[in-house]
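Read off the chains here:
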Amino acid sequence: MQLHISPSLRHVTVLPGKGVREFIKVKVGARRVSYRMLFYSLLFFTFLLRFLFVLSTVDSIDGQTKCSTIGCLGKKIGPRILGRRIESNVPEVMYQVLNQPVRKDEVQGKTDVPQTLEEFMAEMRDIKSDARTFALRLREMVVLLEQRTRNAKIQEYLYRHVASSSIPKQLHCLALKLANEHSTNAAARLQLPSAELVPALVDNSYFHFVLASDNVLAASVVAKSLVKNALRPEKFVLHIITDRKTYSPMQAWFSLHSLAPAIIEVKALHQFDWLSKGKIPVLEAMEKDRRVRSQFRGGSSAIVANNTEKPQVIAAKLQALSPKYNSLMNHIRIHLPELFPSLNKVVFLDDDIVIQTDLSPLWDIDMNGKVNGAVETCRGEDRFVMSKRFKSYLNFSHPLIAKNFNPNECAWAYGMNIFDLEAWRKSNITLTYYHWLEQNLKSDLSLWQLGTLPPGLIAFHGHVHVIDPFWHMLGLGYQENTTLPDAETAGVIHFNGRAKPWLDIAFPQLRPLWAKYIDFSDKFIKGCHIRAS
């Protein structure tokens, strides 16, 4: 761009470049420059400078090198003004090499692949390679590191699966010591509750809680945290359901560790009249499920050996092998109306939770005719934990699921649920539950893969009343990013996931929230070497 002013100041000419005719020609008076024309000229130059400034600023924001000369600036803004595409500084051959599909054996047998970025850069400096060689070596290094990362992830998931599926020797020791105490000490065989308190078990003026567990230590933490945080513990009734093998240790523990004035009932499944009559759907379903899984899964070794699936998919399949998913304790909640025919409302608790507040206000929640009061798991600040929808649990590639449900419908959580048993008895929830269990077995477990939550989502569909997330904070067993201050503000915290607080793989910063309800000076706890950390 050129600016010419005649010696007599009669003409001002602005040229856009060499070889171009006059762009602006201003005729100025013979004796003096017009103030009006001078004003318009300055206005034009101001606009032009601002235009150039904006273009150069955009280049700087885009990460380009700043220009210090007019020539450099022209190279930058010229293609934009003329509508030409700015070519990339990355050679096209590099894109071609890096975009090629990865072969399974691409780096197999190669021992000279750089292991680190430092090795890679040193090699590139030594051989002074071209762009194609640079891209090939970079690709080999990334593929190798990806394979190693995948294998390490899978091994981690396998070790966590083994650790979470096993019974720690400390817990096994505790059960054995308590069983021995039950057989030798009459004080460990007390009737729970005592005879004068039995009427409270069917009295709907009390707050009734149900806990199904075969883990004595876990049950003791749930019970103690429930009672210690209650404002009126004398109105709390905790019904503990366990299996035949755990009944003696469970009764011994709660006989010797009173939580009065709260009322504790310990009852084994075989002691319920309902379960001793005829065929029990839950037992039949569990037996069928066990047979199908043993044929379909192929065990953890077959799952880990799969080289095509992502580590997260393998982790989900390993989790499906967990014994808890075929445990009667996990399925029994679907029969609460039959197990407690005299009760109108109960709060069902999992054994991997800790109560941190008084739960009696749960009875003041208006369920609006719904059966299940639960916390939704699709909304919340924690995007990892609170992002679960139906598509997270059900297989919507199966036409039976796709036809009947919305993949984006919000899921909810088991762990701390309010159940209106009166409304439940008027519904077909239990029949729906077993219908879909049967459909899943017929489809070789292709409708969903693990747990009792997927059939629960289906059975309680349309019967859920959403409650405040304060009442149930999830993810403490698989989300290590949960902070202690955040967890302390929740009414109930749930260690759902593999990292249970009684296992060595528990997250150390969160375990104290659970461990503070254990008396580590107790003779049974000390005798089995159960420690705070």
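It should be emphasised that the depicted structure is a prediction, and the values quoted were computed from it without experimental measurement.

Q: Can you break down the overall build of the protein chain residue by residue, with the values?
A: When you go through the protein chain residue by residue, the secondary structure sums to 20 helices and 12 strands. Within the span of the protein chain, comprising 533 residues, buried residues form 45% of the whole. For the protein chain, restricting intrachain contacts to residue pairs at least 6 apart in sequence, the fraction spanning at least 24 positions comes to 70%. Per element, the accessible surface of the protein chain, about 29300 Å² overall, is 55% carbon and sulfur.

Q: Describe the side chain of Asn417, listing the residues and the values that go with them.
A: Inspection of the secondary structure puts Asn417 in strand S10 (residues 416-420). With a relative accessible area of 0%, Asn417 lands in the buried category. Once you skip the residues sitting within four places of it in the chain, Asn417 turns out to touch Val346, Val347, Phe348, Asn372, Gly373, Ala374 and Trp412.

Q: An account of unusual backbone geometry is needed here, citing residue identities and associated values.
A: The residue after Leu192, namely Pro193, is reached through a cis peptide bond having omega 0°. Each neighbour pair has its own omega, and for Ala260 with Pro261 the value is 10°, a cis peptide bond. Turning to its location among the elements, Pro261 is positioned in the loop between helix H8 (244-256) and strand S6 (263-268). Look at Asn368: it is not a glycine, yet its phi comes out positive at around 55°. Assignment of secondary structure puts Asn368 in the loop between strand S8 (353-355) and strand S9 (372-374). The backbone of His529 shows a phi angle near 60°, a positive value even though the residue is not glycine. One can find His529 in the segment after helix H20 (523-527).

Q: Describe the pairing of strand S4 (residues 207-212), with residues and values.
A: The element S4 is extensively covered by neighbouring structure, given that six of its six residues are classed as buried. Residues Phe207, Phe209 and Leu211 of S4 are buried on one face, and the alternating residues His208, Val210 and Ala212, pointing to the opposite face, are buried as well. Inspection of the sheet shows S4 paired to strand S7 (residues 345-349) by three bridges, in the parallel sense. Note that in S7 the partner of Phe209 across the bridge is Val347.

Q: So what's going on with the side chain of Lys500? Which residues, and what values?
A: Within the secondary structure, Lys500 sits in the loop between strand S12 (492-494) and helix H19 (512-515). Among the polar contacts made by the side chain of Lys500, one reaches the side chain of Asp352 at a distance of 2.5 Å. For Lys500, the side chain forms a polar contact with the main-chain oxygen of Gly497, separated by 3.2 Å.

Q: Give me the state of the cysteines: which residues, what numbers.
A: Counted under the stated rule, the structure contains two disulfides. Covalently, Cys173 is tied to Cys528 through a disulfide, its sulfur atoms 2.2 Å apart. Every disulfide takes its handedness from the sign of the S-S torsion; for Cys173 and Cys528 that torsion is -80°, giving left-handed. With Cys173 in helix H6 (residues 169-184) and Cys528 in the segment after H20, this pair connects stretches of sequence that are 355 residues apart. Residue Cys528 is classed as buried on the basis of its relative accessible area of 3%. The side chain of Cys378 participates in a disulfide bridge whose partner is Cys410; the two sulfur atoms lie 1.9 Å from each other. Its torsion about the S-S bond being -110°, the disulfide of Cys378 and Cys410 is classed as left-handed. Of the two residues, Cys378 sits in the loop between S9 and helix H14 (399-404) while Cys410 sits in the loop between H14 and S10, which places them 32 residues apart along the sequence. Cys410 shares its class with Cys378; the two are buried.

Q: Which residues make up the packing of helix H7 (residues 216-228) against H8, and what values do they have?
A: Packing of H7 against H8 brings their axes to within 10 Å, and their N-to-C directions diverge by 40°. Here H7 is positioned oblique relative to H8, judged by the angle of their axes. Seen from above, H7 lies across H8 with right-handed handedness. Taken together, the residues of H8 that come into contact with H7 (itself represented by Val216, Ala219, Ser220 and Ala223) are Thr246, Pro249, Met250, Trp253 and Phe254. The residue makeup of the contact of H7 with H8, split by class, is seven nonpolar, two polar and no charged.

Q: Requested: an account of the packing of aromatic side chains, with residues and values cited.
A: Considering all chains together, one arrives at 15 aromatic pairs under this definition. A ring pair is formed by Phe419 and Trp424, whose centres lie 5.3 Å apart and whose planes are at 50°; its orientation type is tilted. The class of Phe419 is buried, set by a relative accessible area of 0%. Relative accessible area serves as the criterion here: at 3%, Trp424 is assigned to the buried category. An aromatic cluster is defined as three or more aromatic residues linked by ring pairs; in this entry it consists of Trp412, Tyr414, Phe419, Trp424 and Phe460. Seen from the ring of Tyr206, Lys235 lies directly overhead, with NZ or CZ sitting 4.2 Å from the centre. In this structure, Arg333 packs its charged tip against the face of Tyr414, placed 4.0 Å from the ring centre.

Q: Report on the nonpolar core, specifying residues and quantitative values.
A: Formed by 70 residues in total, the largest nonpolar core has its most connected members in Phe209, Phe254, Ile493 and Trp514. Looking at which element gives the most residues to this core, the answer is H7, with nine residues. For Phe254, the residues in contact, after removing those within four places along its chain, are Leu192, Ala219, Ser220, Ala223, Ile240, Leu259, Ile264 and Val266. Leu343, Ala374, Leu457 and Phe460 belong to the second largest nonpolar core, which has 41 residues in total.

How each quantity is defined
- Residues numbered from 1 in each chain as written.
- Predicted model: local features only at pLDDT ≥ 70, side-chain atom pairs only at ≥ 80, totals over all residues.
- Heavy atoms only, no water.
- Helix = DSSP H or I, 4+ residues; strand = E, 2+ residues; numbered from the N terminus.
- Buried < 20%, exposed > 50% of the residue type's maximum accessible area, 1.4 Å probe, protein only.
- Contact = heavy atoms within 4.5 Å.
- Areas by Shrake-Rupley, 256 points an atom, 1.4 Å probe, with all protein chains shown as cover.
- Pairing = 2+ DSSP bridges.
- Polar contact = N/O pair within 3.5 Å; in protein donor to acceptor, adjacent residues only side chain to side chain.
- Disulfide = S-S within 2.5 Å.
- Axes fitted to C-alpha atoms, helices over the stretch in contact; angles between N-to-C directions.
- Parallel < 35°, antiparallel > 145°, perpendicular 65-115°, else oblique.
- Left-handed = near helix turned anticlockwise from the far one by under 90°.
- Nonpolar A, V, L, I, M, F, W, Y, C, P; charged D, E, K, R; others polar.
- Phe/Tyr/Trp six-rings, centres within 6.5 Å; stacked < 30°, edge-to-face > 60°.
- Lys NZ or Arg CZ within 6 Å of the ring centre and 35° of its normal.
- Core = buried A, V, L, I, M, F, W, Y, C linked by side-chain atoms within 4.5 Å.

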